[in-house]
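For reference, the chains in residue letters:
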Amino acid sequence: MLTEFPSNTLIFGEYLIAETKFGNVRYAQIGPVDGEVVLFSTGGGAGFGSVHSFEWLANSGFRVISINRPGYFDLPIHAAENFEEHAEIYHEVIHSLGIKGSIHVFGVSMGGVSALYYAKKFPTKSLVLWSAITGKYKVNKESANSALGRLVLSKRGKRIVSLMLLISARFFPKKTIRSFLKTEANLSAKEERKIAEQVVNNPNSKHEFILFIKSMTPMEALYEGMMNEVKLATELNDVDWTTINCPTLVVHSTVDIDVSIEHAERLKKMIRDCTIKYVVAGGHFVWWGNEGEMVKKTTQNFLMEKAGIKNK
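Before going into details, it helps to say that this report is about the structure given with it. (Residues numbered from 1 in each chain as written. Predicted model: local features only at pLDDT ≥ 70, side-chain atom pairs only at ≥ 80, totals over all residues. Heavy atoms only, no water.)

## Points about the nonpolar core
Nonpolar side chains in soluble globular proteins tend to end up buried together. Counting residues in hydrophobic clusters, the biggest one holds 50 residues, and the most contacted among them are Ile 67, Tyr 118 and Leu 127. Those residues in contact with Leu 127, other than ones at most four positions away along the chain, are Val 105, Ala 115, Leu 116, Ala 119, Ile 244, Cys 246, Pro 247, Thr 248, Leu 249 and Phe 302. Formed by 48 residues, the second largest nonpolar core is a distinct cluster that contains Ala 28, Phe 54, Trp 56 and Trp 130. (Core = buried A, V, L, I, M, F, W, Y, C linked by side-chain atoms within 4.5 Å. Buried < 20%, exposed > 50% of the residue type's maximum accessible area, 1.4 Å probe, protein only. Contact = heavy atoms within 4.5 Å.)

What follows is the structure, encoded as structure tokens:
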């Protein structure tokens, strides 16, 4: 049976386009079209295509939808002025797909701010946040000045850097993973090697890692949006999240050197129905390694419980 989409949805290969008041907005979706909807809000610098590395969620019966943000690909940066308007773009696309009522929301890193605003403004059944920014963000200068940090944050040679990153991830995955860990986690060299081996030795995790890296390219199409979000996050004033009343699961690493642990602690004080799970895992990448597999399982069980889906 062919999937039917609303008349205002255009299909372009690996992604679709919804026509909204913000203009044409790209999005991707995985999972059964009649499944419980999970809005997936990607981390900064990763395109909406990173949703394809979350097949484990789609395999649980969820319809997972990831939506483009301003400054990424062809959505003008001036389409929205702040994170709250990013949430409005999300809602416009969800509404354009004929999805009514409350949905589940899942935000990662920089995407956590937009996810929080969505849960604050629109009907939400449950909220999951991984390594999420929840207030004013402070750039870790040491991470920004690392070899990987300079490559990602520099405006020069994005096409070449994208190609180099893809080649490195495919042919030297352990080395590539360790370069990310050096930038995003306070781990010893031995611990970095252990995490990298755990990811690469697990076929599913290795495949997810390659898809994640692919979603970070082409960097020239993502750079403007990524840098604008960093700017917005560093200027973010204290936001009152106390009006969020849906069940919330927050996962944060105690060795994350990108987004400090105070971002998780802030939510524990503000959201009444909030469960916080502290892990080590891969630092900012809480889904990497053996402990990351447990994070994915905990998240899966949380969403299935809130959706009323029985665990097989």
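## What to know about the pairing of strand β5 (residues 62–67)
β5 sits mainly inside the fold: six of its six residues count as buried. Neither face of β5 is open: one carries Phe 62, Val 64 and Ser 66, the other Arg 63, Ile 65 and Ile 67, and all of them are buried. Where strand β3 (residues 23–30) lies against β5, four bridges are found, and the strand directions are antiparallel. Note on β5: the bridge partner recorded for Gln 29 is Ile 65. Across five bridges, strand β4 (residues 36–41) lies against β5 in parallel orientation. From the neighbouring strand, Val 37 faces β5, where its bridge partner is Arg 63. (Helix = DSSP H or I, 4+ residues; strand = E, 2+ residues; numbered from the N terminus. Pairing = 2+ DSSP bridges.)

## Details of the pairing of strand β6 (residues 103–108)
Most of β6 is tucked away, with six of its six residues classed as buried. Of the two faces of β6, the one holding Ile 103, Val 105 and Gly 107 and the one holding His 104, Phe 106 and Val 108 are both buried throughout. As paired elements, β4 and β6 share four bridges and run parallel to each other. Bridged to Leu 39 within β6 is Val 105. The pairing of β6 with strand β7 (residues 124–130) spans six bridges and is parallel.

## Details of the packing of aromatic side chains
Under the counting rule described, the total for this entry stands at 20 aromatic pairs. Aromatic side chains Phe 54 and Trp 130 sit 5.8 Å apart centroid to centroid with 40 degrees between the ring planes, which places their arrangement in the tilted category. Note that Phe 54 is positioned in the loop between β4 and α1 (55–58) and Trp 130 in strand β7, a separation of 76 residues in sequence. The two residues Phe 54 and Trp 130 agree in class, both being buried. Note on Phe 212 and Phe 285: the rings are 6.0 Å apart at their centroids and 70 degrees apart in plane angle, and the pair reads as edge-to-face. You can see Phe 212 sitting in helix α9 (residues 203–215) and its partner Phe 285 sitting in the loop between β9 (274–279) and α12 (289–307), a full 73 residues away along the chain. Among the aromatic side chains, those forming a connected cluster through ring pairs are Phe 40, Phe 54, Trp 56, Phe 106, Trp 130, Phe 180, Phe 209, Phe 212, Phe 285, Trp 287 and Trp 288. (Phe/Tyr/Trp six-rings, centres within 6.5 Å; stacked < 30°, edge-to-face > 60°.)

## Here we look at the pattern of salt bridges
Two side chains of opposite charge can pair, provided their charged atoms sit close to one another. Overall, the coordinates contain 11 salt bridges when judged by the stated rule. The partner of Lys 125 in a salt bridge is Glu 36, with the nearest N and O atoms 2.9 Å apart. Pair noted here: Lys 125 is in strand β7 and Glu 36 is in strand β4, with a separation of 89 residues, a long-range link. Given the relative accessible area of 23%, Glu 36 is considered partly exposed. In this structure, the salt-bridge partner of Arg 178 is Glu 192, at a minimum N-O distance of 3.2 Å. Highlighted residues: Arg 178 in helix α7 (residues 173–184) and Glu 192 in helix α8 (residues 189–201), separated in sequence by 14 residues. Each of the salt bridges in this network shares a partner with another, and the network as a whole consists of Glu 84, Glu 88 and Lys 121. (Salt bridge = Lys/Arg side-chain N within 4 Å of Asp/Glu carboxyl O.)

## Overview of α12
In this model, α12 (19 residues) spans 27 Å end to end at C-alpha, consistent with the 27 Å of a helix rising 1.5 Å per residue. Within the sequence span of α12, burial applies to Gly 289, Gly 292, Val 295, Lys 296, Thr 299, Gln 300, Phe 302, Leu 303, Met 304 and Ala 307. Looking at the residues trailing α12, positive phi occurs at Gly 308, about 75 degrees. (Expected span 1.5 Å × (residues − 1).)

## Some words on the state of the cysteines
Taken as a whole and judged by the stated rule, the model has zero disulfides. There is no disulfide at Cys 246, and the cysteine sulfur nearest it, in Cys 274, is 9.6 Å away. A residue is classified by how much of its surface remains accessible, and Cys 246, at 3% relative accessible area, is buried. (Disulfide = S-S within 2.5 Å.)

## Examining the environment of Glu 142
Position of Glu 142 relative to the elements: it lies in helix α4 (residues 141–144). Sequence-wise, Glu 142 and Ile 257 are 115 residues apart; in three dimensions their C-alpha atoms are separated by 9.4 Å.

## As for unusual backbone geometry
The step from Thr 217 to Pro 218 runs through a cis peptide bond, and the omega angle for that step is -5 degrees. Mapped onto the elements, Pro 218 comes out in the loop between α9 and α10 (223–234). Its identity is not glycine, yet Ser 131 carries a phi of approximately 50 degrees, on the positive side. Tracing the backbone shows Ser 131 in the loop between β7 and α4.

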